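Per-entry structural report
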Protein chains: 2
Amino acid sequence: MTPANAPATPLRGVLAPVLTPFDGRLTPDQARYNRHCAWLLAHGCAGLAPFGTTSEANSLSLEERLQLLEGLVASGIPAARLIPGTGCCSIPETAALSAHAASLGCAGVLMLPPFYYKGMPEEGLYRHYAEVIERVGDARLRVYLYHIPPVSQVPVPPALVERLLKAYPGTLTGVKDSSGDWPNTQALLALVPAGLSVFPGSEVFLLRGLRLGSSGCITASANVNPGPIDHLYRNWQSPEAEALQAGLDQTRKILAACGPIIPTLKAVLAHFSQDPGWRTVRPPHVDLADAAAVLGQLRETGFRMPGLAF
Amino acid sequence: MTPANAPATPLRGVLAPVLTPFDGRLTPDQARYNRHCAWLLAHGCAGLAPFGTTSEANSLSLEERLQLLEGLVASGIPAARLIPGTGCCSIPETAALSAHAASLGCAGVLMLPPFYYKGMPEEGLYRHYAEVIERVGDARLRVYLYHIPPVSQVPVPPALVERLLKAYPGTLTGVKDSSGDWPNTQALLALVPAGLSVFPGSEVFLLRGLRLGSSGCITASANVNPGPIDHLYRNWQSPEAEALQAGLDQTRKILAACGPIIPTLKAVLAHFSQDPGWRTVRPPHVDLADAAAVLGQLRETGFRMPGLAF
């Protein structure tokens, strides 16, 4: 039986780990944030993953995350379209953010493993996640595990996903795989028949993933290129699918080649929205010194962001 | 001119990154904590570094840290003997913890770099630390940078230490070097004449460090072995210094060889204090399955913890 207010079916499609705007005092800018989220949902995103790695989430305080999420929902963005990141290093903070998201009616939460201590035994990671789920104690909670070893340096191996899926059926809903390691994604996709939603962490795996039962992708580039990524998601069985994938790969390559991805995406969004404030990043990130290269290369491909400027 | 209530001179000697006790519900146990801290100060520690890596600090919430520190000072432990860890991934949380510690009159704060995002430019780390110091805006603040690349995976290189020392003289006070990399410690010790306090992160570097002007050490093993480490600190110029160092090295080797260091230290403390509750760790750590090996080897060396059980 589905509990009252529980998300009916898991989200599918293209999700953006939403960029977080800061004002000149490095404070999160709610109005700019709400506008960007509305634009994403209107231009190809099935859902949003606020507070992902691309969102500079780990440069935000717990209090800032609570406020931004509440402000976003209050602006009219449906909570049922949101899978906010809630994974902190500590059990109480992860539980607090997750309980808050569940109480707002979010479609799920995206949960990093505790990422300070390295080389922890799988049993310790299991106990961490189990304790968080027990502390939240809300039947509406839907957990997506977040595997991003290049950044977290703490993996969420498929065996751990499988163990949690068995222990918490209905709650453990999915996984975002940002390993960039296709065999790992394949191992996770083998758990789809057992009820797991799998989102590769980049659109370069979109077509390959969909062919093996993935739910779409959660990808940084969706912040600036949601339409074309969604177009492939909707047409992956068409004869043009391979060509669409090649187009996405080309854009992704440009975005990744001209500097660190977060400052690059912010610079691209600042340019096309004619809002230079978007360039601001919070330390330890440093804003892009010069966006001419990435903008020039994008222009050559016919890249555009329809419906901007704000 | 020294501001009112500013720490007069930097701490010197042996500091313990204090183990954090948890009760059966994984909640921090203030009474046990206060007792352990008092025992440490009475048995060789010149000061304490609550909320270090050994303290499972990154498994605590911000709120739990604030409460534990206030409870400790309220119990009568002098704030002037405390250098609590305050380095979080975010600027606002690092600033909040640091401002709180400074307002209590703590001798300093031990500040990890923002450790989620890897490969950040040195400029970004500089901006992070600078923004934290500016936001605290308290002349009483004394910052000790915390270099522990094996865990944080984000280094605080000597060049960054030097730049901050020049930008914030009087505030930037010291560094804890837990790299285990002696040439790195030597590079930092070269900054002692410029006003830097240097604490190696292990007593295995105690004698070598003191000979080059270090201030002592901040070491996990001080939680169970403070007296002998302090004895070498006080007698490093005596003819027996090398023999004392060899004794410390032997104990350290045993503590490090029988399992992960945090559960091992907690098991040793649980045994000698006859308080099995000390064995509890918070996930992702897992408590030691069997302490017989480490206890047996320690016994053969004549190891003891005078003044226990509590």
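I will try to describe carefully the structure that is included in this document. Just so you know, these numbers come straight off a predicted model, no measurement behind them.

Examining helix α2 (residues 62-74) of chain B
Residue and element names in this part refer to chain B. With 13 residues, α2 should cover 18 Å at 1.5 Å per step; its first-to-last C-alpha distance of 18 Å lies within 8% of that length. Considered for burial, the residues of α2 that qualify are Leu-62, Glu-64, Arg-65, Leu-66, Leu-68, Leu-69, Gly-71 and Leu-72. Just downstream of α2, Gly-76 is the residue with a positive phi angle, here 110°.

Concerning the sheet that holds strand β7 (residues 216-218) of chain A
Within a sheet, each strand pairs with its neighbour through backbone hydrogen bonds, oriented either parallel or antiparallel. Residues and elements named next belong to chain A. If you trace the 3 strands from one edge of the open sheet to the other, you get β2-β1-β7, paired in parallel fashion. Strands at the two margins of the open sheet, each flanked by one partner only, are β2 (47-48) and β7. Direction of pairing for strand β1 (residues 13-16) relative to β2: parallel, over a ladder of 2 bridges. For Ala-16, the partnering residue across the bridge sits in β2 and is Leu-48. The strands touched by helix α9 (residues 226-234) are β1 and β7; relative to β1, the strand with the most contacts, the crossing angle is about 155°.

Brief notes about the interface of chain A and chain B
Note on interface size: it is often stated as the accessible area lost on association of the parts. Contact residues are listed per partner, giving 44 residues for chain A and 44 residues for chain B. On the chain A side of the interface with chain B, the three residues burying the most area are Tyr-116, Tyr-117 and Pro-284 of chain A, jointly 23% of the side's total. At the boundary of chain A and chain B, one finds 2 salt bridges. For Asp-287 of chain B, the salt bridge identified is with Arg-127 of chain A, shortest N-O distance 3.5 Å. The tally of links between chain A and chain B comes to 14 residue pairs in polar contact (both at pLDDT 80 or more). When residues of the side of chain A that touches chain B are traced back to their parent elements, those giving at least two are α2 (62-74), α3 (91-104), α4 (122-136) and α5 (149-152) of chain A. Top element by residues in the side of chain A that touches chain B is α4 of chain A. It accounts for 7 residues. Looking at side-chain class alone, the side of chain A that touches chain B contains 22 nonpolar, 11 polar and 11 charged residues.

A short note on the packing of helix α11 (residues 261-272) of chain B against helix α12 (residues 292-300) of chain B
Residues and elements named next belong to chain B. Between α11 and α12, whose axes approach to 10 Å, the crossing angle comes to 65°. By the angle between their directions, the pair α11 and α12 is classed as roughly perpendicular. Between α11 and α12 lies a crossing whose hand is right-handed. Along its contact with α11, which presents Thr-264, Val-268, His-271 and Phe-272, the element α12 presents Val-294, Leu-295, Leu-298 and Arg-299. Counted by class, the contact of α11 with α12 contains 5 nonpolar, 2 polar and 1 charged residues.

So, the environment of Ser-90 of chain A
Turning to its location among the elements, Ser-90 of chain A is positioned in the loop between α2 and α3. The spatial distance from the C-alpha of Ser-90 of chain A to the C-alpha of Gly-259 of chain A is 32 Å, given a sequence separation of 169 residues. Contact partners of Ser-90 of chain A, with chain neighbours within four places excluded, come to His-128 of chain A together with Asn-58, Ser-59, Leu-60 and Ser-61 of chain B.

Here we look at the relation of the copies chain A and chain B
Of the transformation superimposing chain A on chain B, the axial component is 0.0 Å and the angular component is 180°, with the fit at an RMSD of 0.0 Å. Here the copies are linked by what is in effect a two-fold axis. Interface residue correspondence from chain A to chain B reaches 100%, placing this contact among same-surface, isologous pairings.

What about the nonpolar core?
Grouped together as the largest cluster of nonpolar side chains are 209 residues, with contacts concentrated most on Leu-48 and Val-268 of chain A together with Leu-48 and Val-268 of chain B. The residues touching Leu-48 of chain B, leaving out its near neighbours within four places in the chain, are Leu-15, Ala-16, Val-18, Cys-37, Leu-40, Leu-41, Ile-77, Arg-81, Leu-82 and Ile-83 of chain B.

Cut-off values and rules
- Residues numbered from 1 in each chain as written.
- Chains lettered and ligands numbered in written order.
- Predicted model: local features only at pLDDT ≥ 70, side-chain atom pairs only at ≥ 80, totals over all residues.
- Heavy atoms only, no water.
- Helix = DSSP H or I, 4+ residues; strand = E, 2+ residues; numbered from the N terminus.
- Expected span 1.5 Å × (residues − 1).
- Buried < 20%, exposed > 50% of the residue type's maximum accessible area, 1.4 Å probe, protein only.
- Pairing = 2+ DSSP bridges.
- Contact = heavy atoms within 4.5 Å.
- Axes fitted to C-alpha atoms, helices over the stretch in contact; angles between N-to-C directions.
- Buried area = accessible area lost by both parts, 1.4 Å probe.
- Salt bridge = Lys/Arg side-chain N within 4 Å of Asp/Glu carboxyl O.
- Polar contact = N/O pair within 3.5 Å; in protein donor to acceptor, adjacent residues only side chain to side chain.
- Nonpolar A, V, L, I, M, F, W, Y, C, P; charged D, E, K, R; others polar.
- Parallel < 35°, antiparallel > 145°, perpendicular 65-115°, else oblique.
- Left-handed = near helix turned anticlockwise from the far one by under 90°.
- Least-squares fit on C-alpha atoms with pLDDT ≥ 70 in both.
- Core = buried A, V, L, I, M, F, W, Y, C linked by side-chain atoms within 4.5 Å.

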